[in-house]
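# Descriptive structure summary
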Amino acid sequence: MSFQRYDYDVIANWIEPGERVLDLGCGDGSLLRYLSDVRQVRGYGVENDPERLLACAKNGINVIQIDMEQGLAGFDDGFFDHVIMSLSLQAMRNTQGILAEMLRVGREAVVSFPNFAYWRHRQAILNGHMPVSKNLPYQWYNTPNVRFFTIADFDELCATEGILIRERLAFDEGKVIVEEPNFLASVALYRLARQG
Amino acid sequence: MQAQSVGNVVPQRAHFSTALPLKSGGVLPEYDLVYETYGTLNAARSNAVLVCHALSGSHHVAGTYAGKPGSEGWWDNLVGPGKPLDTGKFFVIGVNNLGGCYGSSGPNAINPATGKPWGADFPFVTVEDWVDAQARLADRLGIERFAAVVGGSLGGMQALSWTLQYPDRVAHALVIASAPKLTAQNIAFNEVARQAILKDPDFHGGHYYEHGVVPTRGLALARMIGHITYLSDDAMGQKFGRNLRHDKPVFSYDVEFEIESYLRYQGDKFAGFFDANTYLLTTKALDYYDPAFDYAGDLVAALGRAKADYLVVSFSTDWRFAPSRSREIVYALMHSDRRVSYAEIDCAAGHDSFLLDEPQYHAVLQAYIDNIRV
């Protein structure tokens, strides 16, 4: 996807060389490949789709096939420096559970997701249709997404769950959006930690 | 490339006259190992792959024996030109383990000290002993470091053990349908199998060779029990269901249900060629294997020595070596900072899945093995 490059750069900037990194829903492993190239991370991916798992194996990255909806039992507390979930949170049912698990096994969590309140999405709804865009490329009847939320919603959830937002970057068309991100940004990236 | 057979193969024999100290405290003063090789060892001697066999396997991993139709090796679908373990790239070795009954020193071989079959006097051998013996064979063949050690089930335990006993001599380990140690339930199945053999009147304390008999009833029973645990409930149901030979109950203890016929056939066939003492020894080797035992049960600590990269594979319907057991290995390796990948293959065939060529399974093996540099 076209926004991947800057998505990857932002994430790489949040990671120190040589860190232990876990990528949940790692797809074909290209983010981990990138992070091991530019940050020499010890990376592990989690993926439950057989095709994507195979792509990871071909890519030569460490991939572990488990169902994240069941949590991360088996992963030790605080083992990872960063636990990443790139553009997958909206496809998870157990949102609070996985966020808690990410911050249990990782010192920090990195989460990115499409902002459903992006102005083009609002426009689509006003015109009577569910949004379909570069970041939401599915029709309502075939989308893998099961949670539809906005930057404002996620900020609220973090407050409720005692999750500290260390950094938040919002983007549209690869450009950082500072003003009115909940209206003008199509994608948001968060760096999260446990409160206290 | 079209997958091909390695063609006709001939087993080889290596004699070792240096005593092998065993984990039990015993010693094998001298011993033979029978093995086969496929492909060619490259000039750098960097392309060797060891395939370790499970309970009833042998050195005959791939290829056929001249003039013997149906003599394909037990993992022929894995090894050969164009197959995941491509013999155009790798030099693949299969070894019959010590205590086996296919030509390597074992209970049915002659004890040089007495001139009679070892029988029950053959010492207990463990996974670690097998690995030590395999390492000596590797020395003999001029292989300092394996590109990979591969095994399923008990063979997976050997692959794992290789990386702990000889961390500098293994680049990759493929641990398939295996476990870091058996559960109590798993040992229980082995114990029932052993009791069936030990209680057979023809067993004669393990010295049945001298009596000119074989404890076939016990061995067949042992195999029947094992066989049940290698298949999934679903696979058995699909294959046999409640099918009746006479289409209705005839109230007899003869074969009525098709599953009875199948199990009896498998048991009798196995008892016709396998050695009962080898079955006893090998199930004990399974039971004893526990690399974390000397580390107060801490598998992560036990894996601290390892330097290899790993691929761990399990099968969804395998309840004898369940996916959860493979995950124990995966998490321990990850927490030891080893490179590890793990695939859980959806396959209906239970533990026996590891011998099949289910497409996703072989695709994952192929993808991983293709990235192994030689």
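Structure: see above.
Residues numbered from 1 in each chain as written. Chains lettered and ligands numbered in written order. Predicted model: local features only at pLDDT ≥ 70, side-chain atom pairs only at ≥ 80, totals over all residues. Heavy atoms only, no water.

## Section: the overall build of chain A
Put simply, the rule is: Secondary structure follows DSSP: runs of H or I at least 4 residues long count as helices, runs of E at least 2 residues long count as strands, and numbering of each begins at the N terminus. The size measure is the radius of gyration over C-alpha atoms, and the globule rule it meets is 2.2 Å times the number of residues to the 0.38 power. Residue exposure (1.4 Å probe, protein chains only): buried if accessible area is under 20% of the type maximum, exposed if over 50%, otherwise partly exposed. Using a 1.4 Å probe, accessible areas were evaluated by the Shrake-Rupley method; residue-level cover was limited to the displayed protein chains. Asp and Glu count as negative and Lys and Arg as positive, but His and the ends of the chain are not part of the count. Here the site of a charge means atom NZ of a Lys, CZ of an Arg, CG of an Asp or CD of a Glu.
The helix and strand tally for chain A stands at seven helices and eight strands. A globule of 196 residues ought to have a C-alpha radius of gyration of about 16 Å, and chain A, at 16 Å, matches this closely. Counting only C-alpha atoms, chain A reaches 45 × 40 × 30 Å along its principal axes. For chain A, the proportion of its 196 residues judged to be buried stands at 51%. Summed over its atoms, the accessible surface of chain A is roughly 9,100 Å², and 49% of this surface lies on carbon and sulfur atoms. Measuring between centres, the 19 positive side-chain charges of chain A sit 2 Å from its 26 negative side-chain charges.

## Some points on the interface of chain A and chain B
Operational definition: Residue contacts are defined here by distance: any two heavy atoms, one from each residue, within 4.5 Å place the two residues in contact. Once two parts are joined, some of their accessible surface, as seen by a 1.4 Å probe, is lost; buried area is that loss totalled over both. The working definition used for a salt bridge is a side-chain nitrogen of Lys or Arg within 4 Å of a carboxyl oxygen of Asp or Glu. Nitrogen and oxygen atoms within 3.5 Å of one another constitute a polar contact, given that in protein one can donate a hydrogen and the other can accept it, and given that sequence-neighbouring residues count only through two side-chain atoms.
Across the boundary between the two partners, chain A contributes 22 residues, which contact 18 residues of chain B. Taking both partners together, chain A and chain B bury about 1,800 Å²; carbon and sulfur atoms supply 52% of that area. Across the contact surface, chain A and chain B share one salt bridge. In this structure, Asp 337 of chain B and Arg 20 of chain A form a salt bridge, with 2.7 Å as the shortest nitrogen-oxygen distance. Applying the counting criterion to the chain A and chain B interface returns 14 residue pairs in polar contact (both at pLDDT 80 or more).

## Section: the packing of aromatic side chains
Put simply, the test is: The pairing test for Phe, Tyr and Trp rings, Trp by its six-membered ring, is centres within 6.5 Å, and the orientation test on the planes gives stacked under 30 degrees, edge-to-face over 60, and tilted for anything in between.
With the rule as written, the count across this model stands at 31 aromatic pairs over all chains. Ring geometry for Phe 75 of chain A versus Phe 80 of chain A: centroids 6.3 Å apart, planes at 40 degrees, classification tilted. Phe 80 of chain A sits in the buried class, given a relative accessible area of 1%. Measuring from ring centre to ring centre gives 5.8 Å for Trp 75 of chain B and Phe 354 of chain B, while their planes differ by 85 degrees; the resulting arrangement is edge-to-face.

## Concerning the nonpolar core
Put simply, the rule reads: Residues belong to a common nonpolar core when they are buried Ala, Val, Leu, Ile, Met, Phe, Trp, Tyr or Cys residues joined through side-chain atoms within 4.5 Å.
Core analysis: the biggest nonpolar cluster contains 156 residues, and Leu 22, Leu 24, Leu 35, Phe 75 and Phe 154 of chain A together with Ile 176 of chain B have the highest contact counts within it. The greatest single-element share of this core, amounting to seven residues, is contributed by helix 1 (residues 127–140) of chain B. Other than its neighbours up to four places away in sequence, Phe 75 of chain A contacts Leu 22, Val 46, Ile 66, Phe 80, Arg 104 and Val 105 of chain A together with Tyr 331, Met 334 and His 335 of chain B. Within the second largest apolar cluster, 16 residues are counted, among which are Cys 101, Phe 203, Leu 219 and Ala 222 of chain B.

## Focus: the packing of helix 4 (residues 216–230) of chain B against helix 6 (residues 258–273) of chain B
Residue and element names in this part refer to chain B. Let me state the cut-off plainly: Geometry is summarised by axes, namely lines fitted to C-alpha atoms with helices restricted to the contacting stretch, and by angles between N-to-C directions that run from 0 to 180 degrees. In what follows, roughly perpendicular refers to angles from 65 to 115 degrees, roughly parallel to angles under 35, roughly antiparallel to angles over 145, and oblique to any angle outside these ranges. Crossing handedness is defined as follows: a turn of the near helix away from the far one that is anticlockwise and smaller than a right angle gives a left-handed crossing, while the clockwise case is right-handed. Residues are grouped as follows: Ala, Val, Leu, Ile, Met, Phe, Trp, Tyr, Cys and Pro are nonpolar; Asp, Glu, Lys and Arg are charged; every other residue, Gly included, is polar.
Running from N to C, helix 4 and helix 6 point in directions that differ by 125 degrees, and their axes come no closer than 8 Å. With respect to helix 6, the axis of helix 4 lies oblique. Helix 4 and helix 6 meet at a crossing whose hand is right-handed. Facing helix 4, whose interface residues are Thr 216, Leu 219, Ala 220, Arg 223, Met 224, His 227 and Ile 228, helix 6 presents Tyr 262, Leu 263, Arg 264, Gln 266, Gly 267, Asp 268, Phe 270 and Ala 271. Among the residues making up the contact of helix 4 with helix 6, the classes are represented as eight nonpolar, four polar and three charged.

## Describing unusual backbone geometry
All names here are of chain B. Here the phi dihedral of Asp 247 falls at roughly 65 degrees; this positive angle occurs in a residue that is not glycine. Mapped onto the secondary structure, Asp 247 falls in the loop between helix 5 (233–239) and helix 6. According to the relative accessible area criterion, Asp 247 is exposed, its value standing at 71%. The backbone phi angle of Asp 337 is positive, close to 60 degrees, even though this residue is not glycine.

## Quick look at the pairing of strand 2 (residues 42–46) of chain A
Walk down a regular strand and you will see the side chains alternate between the two sheet faces. All names here are of chain A. Rules: Pairing between strands is defined by DSSP: at least two bridges between the two strands are required. A crossover counts as right-handed when, viewed with the strands pointing away from the observer, the path leading from the first strand over the helix to the second turns clockwise.
Taking burial as the measure, the five residues of strand 2 include four buried ones, the bulk of the element. Pairing of strand 1 (residues 20–24) with strand 2 involves five bridges; the strand directions are parallel. Within the sheet, the bridge partner assigned to Val 21 lies in strand 2 and is Gly 43. For the crossover that starts at strand 1, traverses helix 2 (residues 30–39) and ends in the parallel strand 2, the hand is right-handed. Of the pairings in the sheet, the one linking strand 2 to strand 3 (residues 62–64) comprises three bridges and is parallel in character. Residue Tyr 44 lies in a different strand from strand 3, and its bridge partner there is Asn 62. Read as a crossover between parallel neighbours, the route from strand 2 over helix 3 (residues 50–59) to strand 3 is right-handed.

## A closer look at the pattern of salt bridges
Within this structure, the stated rule accounts for 23 salt bridges over all chains. For Glu 108 of chain A, the salt bridge identified is with Arg 166 of chain A, shortest N-O distance 2.7 Å. Highlighted residues: Glu 108 of chain A in strand 5 (residues 106–114) and Arg 166 of chain A in strand 6 (residues 163–172), separated in sequence by 58 residues. Here Glu 328 of chain B makes a salt bridge to Arg 325 of chain B, at a shortest N to O gap of 2.8 Å. Of the two residues, Glu 328 of chain B and Arg 325 of chain B both sit in helix 9 (residues 323–335), three residues apart, roughly one turn of that helix. For Glu 328 of chain B, a relative accessible area of 36% corresponds to the partly exposed category.

## Focus: helix 9 of chain B
All names here are of chain B. Definition in use: Working rule for helices: expected span equals 1.5 Å times residues minus one.
In this model, helix 9 (13 residues) spans 18 Å end to end at C-alpha, consistent with the 18 Å of a helix rising 1.5 Å per residue. Every buried residue of helix 9 is listed here: Pro 323, Arg 325, Ser 326, Ile 329, Val 330, Tyr 331, Ala 332, Leu 333, Met 334 and His 335. Just downstream of helix 9, Asp 337 is the residue with a positive phi angle, here 60 degrees.

## Comments concerning the side chain of Asn 97 of chain B
All names here are of chain B. Relative to the assigned elements, Asn 97 resides in the loop between strand 6 (91–95) and strand 7 (110–111). Given a relative accessible area of 2%, Asn 97 falls into the buried group. Dropping the residues within four chain positions of it, Asn 97 is found in contact with His 53, Ser 104, Ser 105, Trp 130, Gln 134 and Gln 158.

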